[in-house]
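# A closer look at the structure
One letter stands for each residue in the lines below.
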Amino acid sequence: MWDAIKAVITAANNDVEVARFGFTFIDELDKKRASNWEHGSRDVAGASVQQGLLRLIEGCEFQVGGRKGSFDWIPTTINTRGMFFVMAGAFVGLEELMGKIGAQGIGFGNRQDGSRQQQFLYDGLVDFGMIPELINRLSGILVFPAPTVAQLIQIAERAVIPSYCKLLAASGVDIQVTSDAIRLMAECALETGTYARGLKTILARLIEDAVFEEHKGLIQFGTAEVARAIEEADRKSTRLNSS
């Protein structure tokens, strides 16, 4: 939350009054859930974060900077009333959860009315771990379909790869990924359901060795390098899940 509000103030040239009417995007909302429906556990920290988000949406005096050990910002207070918030997340498992709810007779099949479908989605999000107070304050919820391979290729070419090129340019490194390799990345990201996040994970693994070994100049990656990066990312994910 702190970083999101800070980004808005920075974009407004540190003018707090202008930032008050800014656009704030908060990603990975699903990772802040208050419970884990698969295991029936509670997450007090997740509920606390959601309560903090609720305060921001309702409008409050929010202090940015002045945290212990942080010297980059002096304490700055902003009133969030009037600020526009957009929240997003993958919500992996939500479709399965709503399918189970639907199997009990309260699914989309029995709710033809649009408002009832929306309420069904709200109920599913609450069961997923979102607190009702936060969900009920949202003016609308949109569900986007899974991207296609072609769309993921566009995301890789227009956003993910250029962002890494810009980051590495300061170290004198330029990267190029062949078209076949980009397609392989996109197909893997679609198959695993990780989408743009998966593209970033694969590319980060690709450039890890180059950065570690302090390569300079142009570095080109093909399908062989991408396939190896995917295998290594899978092994790392398996180790994390088993620990």
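One structure accompanies this document, and this report is about it. Nothing here was measured: the structure is a model prediction, and the numbers come from that model. (Residues numbered from 1 in each chain as written. Predicted model: local features only at pLDDT ≥ 70, side-chain atom pairs only at ≥ 80, totals over all residues. Heavy atoms only, no water.)

### Let's talk about the overall build of the protein chain
Helix and strand counts for the protein chain come out as ten helices and eight strands. Out of the 243 residues in the protein chain, the part that is buried amounts to 38%. A separation threshold of at least 6 residues defines the contact pool for the protein chain, and within that pool the share at least 24 residues apart is 63%. Surface summary for the protein chain: the accessible area is close to 14,900 Å², and the carbon and sulfur share equals 53%. (Helix = DSSP H or I, 4+ residues; strand = E, 2+ residues; numbered from the N terminus. Buried < 20%, exposed > 50% of the residue type's maximum accessible area, 1.4 Å probe, protein only. Contact = heavy atoms within 4.5 Å. Areas by Shrake-Rupley, 256 points an atom, 1.4 Å probe, with all protein chains shown as cover.)

### Things to note about the nonpolar core
Judged by nonpolar contacts, the single largest core of 38 residues is most densely connected at Ile5, Val64, Ile78, Phe85, Met87, Leu94 and Leu125. When residues of this core are traced back to their parent elements, those giving at least two are helix H1 (2–11), helix H2 (16–19), helix H3 (44–58), strand S4 (61–64), strand S6 (84–87), helix H4 (94–106), helix H5 (114–128) and helix H6 (132–135). For phenylalanine 85, the residues in contact, after removing those within four places along its chain, are Ile5, Thr24, Ile26, Leu56, Ile57 and Thr80. Membership of the second largest hydrophobic core comes to 28 residues, among which are Ala186, Ala189, Ile202 and Ala229. (Core = buried A, V, L, I, M, F, W, Y, C linked by side-chain atoms within 4.5 Å.)

### Some remarks on the pairing of S6
Here S6 shows one buried face, formed by Phe85 and Met87, and one open face, formed by Phe84 and Val86. Note: strand S1 (residues 23–26) against S6, four bridges, orientation parallel. Bridging across to S6, isoleucine 26 finds its partner in methionine 87. (Pairing = 2+ DSSP bridges.)

### What about the packing of aromatic side chains?
Under the counting rule described, the total for this entry stands at two aromatic pairs. When the centroid spacing of 5.3 Å and the interplanar angle of 40° are considered together, the rings of phenylalanine 23 and phenylalanine 84 count as tilted. Of the two residues, phenylalanine 23 sits in strand S1 while phenylalanine 84 sits in strand S6, which places them 61 residues apart along the sequence. Under the relative-accessibility criterion, phenylalanine 23 is labelled exposed at 52%. For phenylalanine 84, a relative accessible area of 48% puts it in the partly exposed group. Aromatic pair phenylalanine 91 and phenylalanine 128: ring centres 5.3 Å apart, planes at 55°, arrangement tilted. Of the two residues, phenylalanine 91 sits in the loop between S6 and H4 while phenylalanine 128 sits in helix H5, which places them 37 residues apart along the sequence. The class of phenylalanine 128 is buried, set by a relative accessible area of 2%. The cationic tip of arginine 33 hangs over the ring face of phenylalanine 128; the distance from NZ or CZ to the ring centre is 4.4 Å. (Phe/Tyr/Trp six-rings, centres within 6.5 Å; stacked < 30°, edge-to-face > 60°. Lys NZ or Arg CZ within 6 Å of the ring centre and 35° of its normal.)

Treat this as a map of the structure, not an account of what it does.
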